[in-house]
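# Residue-level structural notes
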Amino acid sequence: ANWTAAGFKLHSEVEFHPNVSADALVHLPLHRYQFTLDTVTARYRFGALPNEAHKTIVPIYNESVVRESALPGAPKGTLVPVVEEHILFMHSVAATKTLDSRMAA
């Protein structure tokens, strides 16, 4: 493993397979939903639910895809599970690269 100037530890010993990301994302359900605790009335969101994202993404590279977070409007100390959307985004980038290479073949 190597350290870059930005302070990241690159794990070259862990193989990366974009096709695995693509195959996993196909099975990840997407939903239109609302948080029950929210400061904005009738705010809808679109995306994966935490339990489904965890079940779909964690087995690939053992990444933490769900964290607990305090939401605006929730009582102090109340934490709810939320999806780390940047992780799903990067898997989507990998999936897009896979689709591009599949179409080119």
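As shown above, the structure is provided for reference.
Position labels on residues start from 1 in each chain and follow its written sequence. Given that the model is predicted, a residue must reach a pLDDT of at least 70 before its local features are reported, and side-chain atom pairs must reach 80 or more before they are shown or counted; all residues, however, enter totals for whole chains, interfaces and linings. For the side-chain quantities, the full set of heavy atoms in the structure was used; hydrogens and water were omitted.

What follows deals with the nonpolar core. Counting 14 residues, the largest nonpolar core has Leu28, Ala53, Ile57, Val65 and Leu88 as the members making the most contacts within it. Secondary structure elements follow DSSP: runs of H or I of four or more residues count as helices, runs of E of two or more count as strands, with numbering from the N terminus. Among the elements that take part in this core, helix H2 (residues 50-61) stands out by supplying four residues, more than any other. Whether two residues are in contact is decided by their heavy atoms: any pair within 4.5 Å suffices. Among residues more than four places away in sequence, those in contact with Val65 are Ala53, His54, Ile57, Val58, Val82, Val83, Glu84, Ile87 and Leu88. For the purposes of this section, nonpolar cores are sets of buried Ala, Val, Leu, Ile, Met, Phe, Trp, Tyr and Cys residues that join through side-chain atoms within 4.5 Å. Only protein chains enter the calculation, and the probe is 1.4 Å; a residue is then buried if its accessible area is under 20% of its type maximum, exposed if over 50%, and partly exposed in between.

What follows deals with the packing of H2 against helix H3 (residues 85-104). Angular values range over 0 to 180 degrees, each being the angle between N-to-C directions of two axes fitted as lines to C-alpha atoms, with helices fitted over their stretch in contact. Where H2 contacts H3, the axes come no closer than 12 Å and their chain directions differ by 65°. It follows that H2 is roughly perpendicular to H3 by the angle criterion. As for the relative orientation of H2 and H3, their crossing is left-handed in sense. Where H2 approaches H3, its residues Ile57, Ile60 and Tyr61 are matched on the opposing element by Ile87, Leu88 and His91. For this classification, under 35 degrees means roughly parallel, over 145 means roughly antiparallel, 65 to 115 means roughly perpendicular, and everything else is oblique. Note on convention: near helix rotated counterclockwise from far helix by under a right angle means a left-handed crossing. Clockwise means right-handed.

What follows is about H3. Every α-helix carries 3.6 residues per turn, so stepping three or four residues along brings you back to the same face. For a helix, the expected span equals 1.5 Å multiplied by the residue count minus one. Between its first and last C-alpha atoms H3 spans 28 Å; for 20 residues at 1.5 Å apiece the expected length is 28 Å, and the two agree. All of the buried residues along H3 are Ile87, Leu88, His91, Ala94, Ala95 and Thr98. Across the axial projection of H3, the buried residues extend over an arc of 120°, all falling on one side. Among the exposed residues of H3, those oriented more than 90 degrees off its buried face are Glu85, Phe89, Thr96, Lys97, Asp100, Met103 and Ala104. Considering only its buried residues, H3 is in contact with helix H1 (18-26), H2 and strand S6 (80-83). Think of it as the arc spanned by the lines of direction from the helix axis to the C-beta atoms.

Even without glycine at this site, Ala42 takes up a positive phi of about 60°. Assignment of secondary structure puts Ala42 in the loop between strand S3 (31-33) and strand S4 (45-47). One non-glycine residue, Asn62, adopts positive backbone phi at about 60°. With respect to the secondary-structure elements, Asn62 resides in the loop between H2 and strand S5 (66-69).

Distances and angles like these do not, on their own, reveal function.
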